[in-house]
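Now for the letters of each chain:
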Amino acid sequence: MATVSEVSVRSGRRSELTLMALAWVIIVLALALVDYHAAYLELVDIAIYGGAVAGLMLAAHITLRRVAPSADPVLLPAVFALNGVGIAEIRRIDYAEDTSFGTQQMIWAVLGVAIMIGVLLVVRDHRKLRRYTYTAGVVGLVLYLLPLVPGLGITVNGARIWISIAGNSVQPGEFAKIALVIFFAGYLVTNRDTLALAGPKVLGMRFPRIRDMGPLLIVWLAAMLIMVYERDLGASLLFFSIFLGMLYVATERFSWVAIGMSLFFVGGAFAALTVPHVRSRFEAWLNALDANVYSSGTSEQLVRGLFGMASGGLFGTGLGEGRPDLVPYAESDFIIASLGEELGLTGLMAILTLYIIIVQRAFRTSIGVRDGFGKLLAAGLGVTIAVQVFIVVGGVTRVIPLTGLTAPFLAYGGSSLLANWLVVALLLRVSDQARRSSEAVSA
Amino acid sequence: MNEPARRVSVVVLILFLALMAAASWIQVVNEETLSQDPRNVRTLYREYGNFRGPLVVDGESVVWSEPSNDSFNYQRTYTDGSLYAAATGFYSIVYGRSGLEQTENELLNGSADSLFWTRLGNLFSGEQQQGASVELTLKSSLQQVAAEQLGDQRGAVIALAPETGEILAMVTSPTYDPALLAGHDSSVVNENYQSLLNQDDGPLINRAIAGDTYPPGSTFKLIDAAAALEAGYEPDTELYAPTELDLPQSSNTIGNYGGEACSSDDSMTLEDALRISCNTAFADLGMTLQWQVIQRKAESFGWTDKIDVPLSVTASRLPEDPDEAQTAMSAIGQYDVRSTPLQMAMVAAAIANDGTLMKPYLVDSVRAPDLQVIDVTEPEVYSTPMTRSDANKLTDMMVTVVDDGTGSAARIDGVEVAGKTGTAETGQDTPPHAWFVSFAPADDPVVAVAVVVENGGSMGSEATGGRIAAPIAKAVMQEAIRLDGEGDL
């Protein structure tokens, strides 16, 4: 672990406040615009909303000043902006479809910020989480497999990734990924030497010993189980990517990635050939515009999303002026297409840039923090957001087959939003440590 | 672990670049293709979902967009849809547009260049694109009178303002209700359209300006007369007018209506020949003048030109290189001579306007959504087919047609009416088409009218232009004169 040469004397809390004000303007204007186009613009509502957003921002900001004064100043404004733009778009689709997802998402956002504040208050040092390595591992696996429990799991649109708790549907996979990141970080930081150094060298690449392959095989098996039994290609890919990414960061050995990817592709190819659900996803991806595939319905949603994005063009139709409601699940799985339509390529680029900023901040935190557990934790969380965004946006833009993941912070969904705010809390916590240590070095 | 973390962050960056490339591919490079995909209902919704401007007659919207509670946002709505269908055309999510809905589409949907400032304003205020309103030259009462008079007979009526070229009335029969095609349920629209198509009498055809066009019959004698006047004939110049005219190089003969003699001595003046519509006199005149002379005259009135009013008008036809016999037949508006009712109305209007033909038009003005007038059609000279003195001579001749000739059914008390009848043969077994073209008042015309009733209308083979078409023209002229008296024309 090399020492970091960054020189940073300011905590950045003041820049954070400035960026937060910028995000506030975007969030409130977006909602006002949506209401205006739906002819429901009430200045009182906008004032209340603006006040509430400002309140949440200040609460988060003050918490950071108190308990994580050196935390990364860019993360929160970026996340707030994404969440606010998402709420505006969801509300916009509500007006078209006569639903009320927007209001629910606002409640989830409040809860999300509250959870983040709670975590920052309770977890004062991320290294304490290492104590719960195996607990987190078990919790993660159980959460992932919970939807398979008869009577508890419910199947929505072919995927069995939901459970029903007191009438509410919860997506435990969203929380499982965080538990697993903690588990992988704790496990890998302990075992990285064995995994990294031992093993035969073939073709210039050092391969791990067969007996060290156990954990990889177990994770692979779990990923396959999720793919086949929960029919959730996205979660399976996400779960496995997080593990491979963290394994690589821990061991610096590309052979692990090569072996892991080959395993996954073999499994994926097998599933694509044998599991009808997976196969139709591949078919829809490769021949989306084909008349037969389209009329069979398998690629209809994808293609409608493409039509929507195309109609947005470079600058978009304007918030509230497109027809995102023509795409099924415009407020959740396809919110990226909805935003692409109304904000155009320009808006989509801006959104992707916000994600890039968040992810790059996570890696910078990983590099900056001194303890191995923290490094792996931050990198793992960065990979989590990055891969999830790639899977969602890549699915909608036809880079990869479409899967049922949600765009972090943007898409409608309580589980997803709460889990991602939790990710932010952990990143802020580690970044506080990282930037504090760099201050110490420079001082 | 810093180095691999850095590498992973680079890989992640590459993944995001791939996403950005894919988004650019969809939203910019491939945008055209995707937007034009027939499965993309969005383009349709955008076109049909905007507020589309109304079509206005006499200050009242006859076609407008009513907000609707479906995915199209607006429902095209009509008052007296079938009365104005010939001009407005239809606006359908399945079959597209026709009539002014098509030709004025960019103004109506707001995308026209002349609406640039309006759009710019909308951009800043965030308002939806709105269309302009298009005001027609039609007069509702004239339109109504013409439609009532024509009734359920097949045919067309068209009325022009001679001094400007404004189309004051344009009626075609049978017609259809555009509301049948404006619905948002495509299967219903489909069914309605098919049943309109399957109707034998072609309700979707605008007979006034398009369709098969008609042989003009004796109304074409106005062209012969105009050509003769230019060639130095006078109204009292004697013409050869036998009871039967032998056609050169053929065994056929031309006779007069009912086989009657035009005169006792096989000779009559040009004026009298027009008054009683003597076929043999004009057939012989045609051969004497030669076809090129008549052809040039017809062309100066607009024959063979394709004009837009802005509805596109089928060009009226003339025969190519007719021999003498064919020239004789053509001179009385038979053989290969074809005319739209609009073309004949233009002939009447040019004679009425001292020999100057004004370009006919249907759009009076265009108003931006904020009601500011952004365009007014200025009357435009189309051609000058006759000199003032020739036109006045021909007017006097046409007055005798109504006063004391075949067109007496068009007489109006206290008003001098100039007219010409036509009874065009359509074949051995089918009744003739009845024509009447006229203008009034003869000394200071306010309206020029052409009426055609297909296959004799309700009179069948008994029909003549004078009997069945002239009364229709008379009613239209009377209404126009009344409107003019009230200052509404």
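Owing to the predicted nature of the structure, the values given are computational and were not obtained by experimental measurement. (Residues numbered from 1 in each chain as written. Chains lettered and ligands numbered in written order. Predicted model: local features only at pLDDT ≥ 70, side-chain atom pairs only at ≥ 80, totals over all residues.)

(A) Geometry of the overall build of chain A. Of regular secondary structure, chain A possesses 15 helices and five strands. Considering chain A as a whole, with its 443 residues, one finds that 54% of them fall into the buried category. For chain A, contacts bridging at least 24 residues in sequence account for 72% of all contacts bridging at least 6. (Helix = DSSP H or I, 4+ residues; strand = E, 2+ residues; numbered from the N terminus. Buried ≥ 20, exposed ≤ 12 C-beta atoms within 10 Å, placed from the backbone. Contact = placed C-beta atoms within 7 Å.)

(B) Fine view of the overall build of chain B. For chain B, the helix and strand inventory stands at 18 helices and 21 strands. Relative to its full complement of 489 residues, chain B shows a buried share of 53%. Here the analysis covers contacts within chain B between residues at least 6 apart in sequence; of these, 69% occur between residues at least 24 apart.

(C) Summary view of the nonpolar core. The biggest cluster of nonpolar side chains holds 157 residues, and the ones touching the most others in it are Phe184, Ala185, Ile242, Met246, Leu376, Leu377 and Leu427 of chain A. Formed by 141 residues, the second largest nonpolar core is a distinct cluster that contains Leu142, Ile209, Leu222 and Ile481 of chain B. (Core = buried A, V, L, I, M, F, W, Y, C linked by C-beta atoms within 7 Å.)

(D) Spotlight on the sheet that holds strand E21 (residues 447-453) of chain B. Residue and element names in this part refer to chain B. Read from one edge of the open sheet, five strands run E8-E7-E21-E20-E19, paired in antiparallel fashion. The open sheet has two free edges, formed respectively by strand E8 (167-173) and strand E19 (418-424), since each of these has just one partner strand. Across the sheet, the axes of successive neighbouring strands diverge by a mean angle of 5°, strand direction being ignored. Strand direction decides the pairing type here: E19 and strand E20 (residues 433-440), joined by seven bridges, are antiparallel. Across the sheet, Gly419 pairs through a bridge with Ser438, a residue of E20. Its contacts with the sheet put helix H18 (residues 465-485) on strand E7 (155-160), E8, E19, E20 and E21, and the angle it makes with E20 is roughly 30°. (Pairing = 2+ DSSP bridges. Axes fitted to C-alpha atoms, helices over the stretch in contact; angles between N-to-C directions.)

(E) Broad picture of the interface of chain B and chain A. On the chain A side, the residues contacting the 33 residues of chain B number 44 residues. Among the secondary structure elements, those contributing two or more residues to the side of chain B that touches chain A are helix H1 (2-29), helix H2 (31-36) and helix H3 (41-49) of chain B. If one sorts the elements of the side of chain B that touches chain A by residue count, H1 of chain B sits on top with 20 residues. When the residues that make up the side of chain B that touches chain A are grouped by side-chain class, the tally is 18 nonpolar, nine polar and six charged. (Nonpolar A, V, L, I, M, F, W, Y, C, P; charged D, E, K, R; others polar.)

(F) The environment of Phe282 of chain B, seen in detail. Residue and element names in this part refer to chain B. Position of Phe282 among the secondary structure elements: in helix H13 (residues 279-289). Distance in space between the C-alpha atoms of Phe282 and Tyr240 is 8.7 Å, their sequence separation being 42 residues. When near neighbours in sequence (up to four residues on either side) are disregarded, Phe282 contacts Lys221, Asp224, Ala273, Ala331 and Ile332.

(G) Inspection of the sheet that holds strand E1 (residues 153-156) of chain A at higher detail. All names here are of chain A. As summarised here, the arrangement of the three strands in space is E1-E2-E3, forming an open sheet in which the pairing is antiparallel. The sheet is open, and its two borders are formed by E1 and strand E3 (168-170), each paired with just one other strand. Averaged over all neighbouring strand pairs, the angle between strand axes comes to 45°, with direction disregarded. Pairing of E1 with strand E2 (residues 159-165), which is carried by three bridges, proceeds in the antiparallel orientation. In the sheet register, Val156 faces E2, and the bridge partner there is Ala159.

(H) Representation of the confidence of the model for chain B. Residues with a pLDDT of 70 or more make up 98% of chain B, whose mean pLDDT is 89. With a pTM of 0.63, the predicted complex shows an ipTM of 0.91. (pLDDT = per-residue confidence, 0-100.)

(I) Inspection of the pairing of strand E16 (residues 363-367) of chain B at higher detail. Residue and element names in this part refer to chain B. Strand direction decides the pairing type here: strand E6 (residues 133-136) and E16, joined by four bridges, are antiparallel. Bridge assignment links Val134 to a residue of E16, and that residue is Val366. Relative to strand E17 (residues 373-376), E16 is paired through three bridges, and the arrangement is antiparallel. What sits directly across from Arg367, in E17, is Val373. Taking the residues that link successive antiparallel strands as the turn, the E16-E17 hairpin has five residues, and the phi of Leu371 there is positive, at about 75°.

(J) Local environment of the packing of helix H8 (residues 233-251) of chain A against helix H14 (residues 372-396) of chain A. Residues and elements named next belong to chain A. Where H8 contacts H14, the axes come no closer than 9 Å and their chain directions differ by 145°. Where H8 crosses over H14, the two elements pack in a sense that is right-handed. Packed against H8, whose contacting residues are Gly234, Leu237, Leu238, Ser241, Ile242, Gly245, Met246, Val249 and Ala250, the element H14 presents Leu376, Ala379, Gly380, Val383, Thr384, Val387, Gln388 and Ile391 at the interface. (Left-handed = near helix turned anticlockwise from the far one by under 90°.)

(K) Just unusual backbone geometry, in detail. The linkage connecting Val309 of chain B with the following residue, Pro310 of chain B, adopts the cis geometry, with an omega of 0°. One can find Pro310 of chain B in the loop between strand E13 (307-308) and strand E14 (312-313). Of note, the amide linkage connecting Ala440 of chain B to Pro441 of chain B takes the cis form, showing an omega dihedral of -15°. You can see Pro441 of chain B is positioned in the loop between E20 and E21. One non-glycine residue, Phe409 of chain A, adopts positive backbone phi at about 70°. Tracing the sequence through the fold places Phe409 of chain A in the loop between H14 and helix H15 (414-442). For Phe409 of chain A, a count of 29 C-beta atoms within 10 Å translates into the label buried. One non-glycine residue, Thr213 of chain B, lies in the positive phi region at around 60°. Residue placement: Thr213 of chain B occurs in the loop between helix H10 (186-198) and helix H11 (221-230).

(L) How the structure looks around helix H9 (residues 254-274) of chain A. Residues and elements named next belong to chain A. With 21 residues, H9 extends 30 Å between its outermost C-alpha atoms, agreeing within 8% with the 30 Å of an ideal straight helix rising 1.5 Å per residue. Among the residues making up H9, those that are buried are Trp256, Ile259, Gly260, Leu263, Gly268 and Ala271. Axial view of H9: buried residues confined to an arc of 160°, hence all on one face. Exposed side chains of H9 directed beyond 90 degrees from the buried face belong to Ser262, Phe265, Val266, Ala269 and Leu273. (Expected span 1.5 Å × (residues − 1). Arc of directions from axis to C-beta.)

(M) Up close: the packing of helix H7 (residues 214-229) of chain A against H8 of chain A. All names here are of chain A. Taken N-terminus to C-terminus, the directions of H7 and H8 make an angle of 165°; their axes are 7 Å apart at the nearest point. As far as their axial angle goes, H8 and H7 are roughly antiparallel. Along this stretch, H7 crosses H8, giving a crossing that reads as right-handed. Of the residues in H8, those touching H7 at Val219, Trp220, Ala223, Ile226 and Met227 are Leu233, Ala235, Ser236, Phe239, Phe240 and Phe243. Within the contact of H7 with H8, the residues separate by chemical class into 10 nonpolar, one polar and no charged. (Parallel < 35°, antiparallel > 145°, perpendicular 65-115°, else oblique.)

(N) Representation of helix H13 (residues 335-368) of chain A in the model. All names here are of chain A. Between its first and last C-alpha, H13 extends only 34 Å over 34 residues, short of the 50 Å set by a 1.5 Å rise per residue. Where H13 bends most, at Gly344, the angle is about 120°. Where burial is concerned, most of H13 is hidden: 27 out of the 34 residues are buried. (Bend = angle between axes of the 7 residues up to and from the residue.)

(O) Main features of the pairing of E8 of chain B. All names here are of chain B. The buried fraction of E8 is high, at seven of seven residues. By the bridge criterion, six bridges tie E7 to E8 in an arrangement that is antiparallel. Each bridged residue has a counterpart across the sheet, and for Ala156 the counterpart in E8 is Thr172.

(P) Up close: the environment of Ile26 of chain A. All names here are of chain A. Here Ile26 lies in helix H1 (residues 13-37). Judged by the 17 C-beta atoms lying within 10 Å of it, Ile26 is partly exposed. Residues Ile26 and Gly84, spaced 58 residues apart in sequence, show a C-alpha to C-alpha distance of 7.9 Å. In this view, Ile26 contacts Ala81, Gly84 and Val85; residues no more than four positions away in its chain are not counted.

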